[in-house]
Amino acid sequence: MHILFLSHYFPPEFNAPANRTYEHTGAWVRQPGVRVTVVTNHPNHPNGKLFPGFRNRWLTCYIIDGVTVRRVKTFLAPNAGFFRRTLNYLFFVPAGILGSLGAQKVDVVVATSPQFFCALTGLIVSWLKRRPFIFELRDIWPESIVTVGAMPAGLAVRLLEKMELFLYRCSSLVVALTDAFKDNLIKRGIDPEKIVVIPNGVDIDMFKPIPRPTGLAESLGLQNHKVISYIGTLGMAHALDKVVDVAQRLNARKDLMFLLVGDGSQRKLLKQKIAKLQLENIKIMPPVPREEVVNYYALSDITLVTLRDQPLFDDVLPSKMLEMLAMGRPVLASVGRYSRDVLERSGGGVSVPPEDVEAMATAIICMLDEPHRLQEMGQRGHSYIKQHYNRKKLAGAYLELLHEVAQTDTYIARGRY
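Not measured: the values here are computed from a predicted model. (Residues numbered from 1 in each chain as written. Predicted model: local features only at pLDDT ≥ 70, side-chain atom pairs only at ≥ 80, totals over all residues. Heavy atoms only, no water.)

I'd like to hear about the overall build of the protein, residue by residue, with values.
When helices and strands are counted, the protein shows 15 helices and 14 strands. Seen along its three principal axes, the alpha-carbon backbone of the protein occupies a region of about 65 × 40 × 40 Å. Per-residue burial over the protein gives 58% buried out of 417 residues. Look at the contacts in the protein between residues 6 or more apart in sequence, and 72% of them connect residues 24 or more apart. Surface summary for the protein: the accessible area is close to 17,400 Å², and the carbon and sulfur share equals 54%. Distance between charge centres in the protein, computed from 51 positive and 39 negative side chains, equals 6 Å. (Helix = DSSP H or I, 4+ residues; strand = E, 2+ residues; numbered from the N terminus. Buried < 20%, exposed > 50% of the residue type's maximum accessible area, 1.4 Å probe, protein only. Contact = heavy atoms within 4.5 Å. Areas by Shrake-Rupley, 256 points an atom, 1.4 Å probe, with all protein chains shown as cover. Lys, Arg positive; Asp, Glu negative; His and termini not counted. Charge placed at Lys NZ, Arg CZ, Asp CG, Glu CD.)

This is the structure in structure tokens:
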């Protein structure tokens, strides 16, 4: 079977869509008789600058870990600002279509959000190749961009929502990341028999408990500090200005250090706020390669997952939370309902309401004052993820779906895996 997979992002970019696509496609090609071709941009996220060693050609082809990668000409734009980022999304439609034409004897076409112009590209390619189309739904878009204030509600959003529903209806299958996403689509009239849930998972061979990296602690001057870390995109959805407020609340505790590791549209504003408040207990560090992320998790006494207080974020499950739990690191989550429920079932951390600065500060002190409880949280979280969110098992279930869709367009989803 030959799977054609379209994704706006792919490693060496290191956001959640890139990681999920890389790990799934890598698992698929290790199965007998399976080939995978990924059509994607040249790596530039989140700053809109090409990664070292890449040139923005019309087509660059190579093989990585058994997966054929076809990188297409990219309109470079940072992950900030509405106009240029929209052009970046739109440019992928013709570029992705042209880049897909060279993939021969395709059995099924998969395209992943969060922005659905990539899914639109996948649908058009499936029409051209006369093969089934699978829409992998990572985010309810465009609702999410309105929620974070990146785009005002209005006629344009209503037109995008019509396109969104059109894509769902034209797909042979919608692979949603959460049960809440599935419920959202059903309420909006999408046939429940064509929706299946394959949640985010974790590479448990990579993300597993390891000793605290003393060398990293020394290099950062944190040998004698309790470290509270946020590792990921510094974006509009993550309410990281509230983490700065928490650091200000706890500024008297000289044994605490907050680390924000990553990049994104809010990085500059966060640095300005930290400088204005003259805080010395919080640092913003540049993003690190994925293989180094595990060391920063292992360095952390508490890991943070934060989201804005918006109804849409009640339905999401950040993949970083699963990685933290798999590492055996206690999690403090300032999130909505769905993520909170997963964390509580795992026993791997503490949840507080989104954007509640006082609750976050109080929870950090209570957690650090009970080291034995922290250790128990770490053990419970690791065990839970290993049982329920093993990426290899989820990738296998996903591949079974693709086999069935490739064989017939009358496939009926059997529910959640």
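Here the narrative resumes.
Before we move on, can you summarise the packing of aromatic side chains with the specific residues and values?
If you walk through the whole model with that rule in mind, you get 9 aromatic pairs. Plain terms: the ring middles of Phe207 and Tyr297 are 6.2 Å apart, the flat faces sit at 55° to each other, and that makes the pair tilted. Here Phe207, found in the loop between strand 8 (195-197) and helix 7 (214-219), pairs with Tyr297, found in helix 10 (residues 290-299); they are 90 residues apart in sequence, far enough to count as distant. Overall, Phe207 belongs to the buried group, its relative accessible area being 0%. The class of Tyr297 is buried, set by a relative accessible area of 1%. (Phe/Tyr/Trp six-rings, centres within 6.5 Å; stacked < 30°, edge-to-face > 60°.)

Pulling in residues and values, what's your account of the environment of Ala176?
With respect to the element layout, Ala176 can be found in strand 7 (residues 173-176). Spatially, the C-alpha atoms of Ala176 and Asp139 are 8.6 Å apart, while their sequence positions differ by 37 residues. Ignoring any residue separated from it by four or fewer positions in sequence, one finds Ala176 in contact with Leu137, Phe181, Lys182, Ile195, Val196, Val197 and Ile198.

Let's hear about empty space enclosed by the protein: which residues, and what values?
Scanning all chains against the criterion turns up 3 cavities of 30 Å³ or more. Considered as a void within the structure, the largest cavity measures approximately 110 Å³ in volume. Here the element with the most residues in the lining of the largest cavity is helix 2 (residues 82-101); it accounts for 3 residues. Residue composition of the lining of the largest cavity, by class: 5 nonpolar, 6 polar and 2 charged. In this structure, the second largest cavity occupies an estimated 40 Å³ of space. For the lining of the second largest cavity, the secondary-structure elements that each account for two or more residues are helix 1 (16-29) and helix 11 (319-326). Partitioned by chemical class, the residues of the lining of the second largest cavity number 1 nonpolar, 4 polar and 3 charged. (1 Å grid on protein atoms, 1.4 Å probe; cavity = no way out; pocket = protein on both sides within 12 Å on 5 of 7 lines; lining within 4 Å. Points joined across faces, edges and corners; volume = space filled by probe spheres on them. Nonpolar A, V, L, I, M, F, W, Y, C, P; charged D, E, K, R; others polar.)

Kindly report on unusual backbone geometry, identifying the contributing residues and their values.
Here the residue pair Pro11 and Pro12 is connected by a cis peptide bond, since its omega of 15° sits within 30 degrees of zero. You can see Pro12 is positioned in the loop between strand 1 (2-6) and helix 1. Geometrically, the link from His45 to Pro46 is a cis peptide bond, its omega value of 10° lying close to zero. Along the chain, the position of Pro46 falls in the loop between strand 2 (35-41) and strand 3 (59-64). In this model, Asp65 sits at a positive phi of 50°, which is unusual for a non-glycine residue. Since its relative accessible area comes to 48%, Asp65 is described here as partly exposed. Even without a glycine there, the phi angle at Arg130 is positive, about 55°. Looking at where Arg130 falls in the secondary structure, it is placed in the loop between helix 3 (117-129) and strand 6 (133-137).

Just give me the short version of the nonpolar core, but keep the residues and values in it.
By size, the foremost hydrophobic cluster in this structure holds 78 residues, and its most contacted members are Leu6, Phe135, Leu259 and Met321. Non-local contacts of Leu259, meaning those with residues more than four positions away in its chain, are made with Leu220, Leu222, Val227, Ile228, Ser229, Tyr230, Lys283, Met285 and Leu299. Val244, Leu256, Ile302 and Leu374 belong to the second-largest nonpolar core, a separate cluster that totals 31 residues. (Core = buried A, V, L, I, M, F, W, Y, C linked by side-chain atoms within 4.5 Å.)

With reference to specific residues and values, describe the pairing of strand 5 (residues 108-112).
In terms of burial, strand 5 is a largely internal element, 5 of the 5 residues being buried. Residues Val108, Val110 and Thr112 point to one face of strand 5 and Val109 and Ala111 to the other, with burial holding for every one of them. Of the strand pairs in this sheet, strand 1 and strand 5 are connected by 4 bridges, and their pairing is parallel. Within strand 5, the position partnered with Leu6 by the bridge is Ala111. Across 4 bridges, the pairing between strand 5 and strand 6 is parallel. Counted as the bridge partner of Thr112 is Glu136 from strand 6. This β-α-β element, strand 5 to helix 3 to strand 6, shows right-handed connectivity. (Pairing = 2+ DSSP bridges. Right-handed = clockwise from strand over helix to strand, strands pointing away.)

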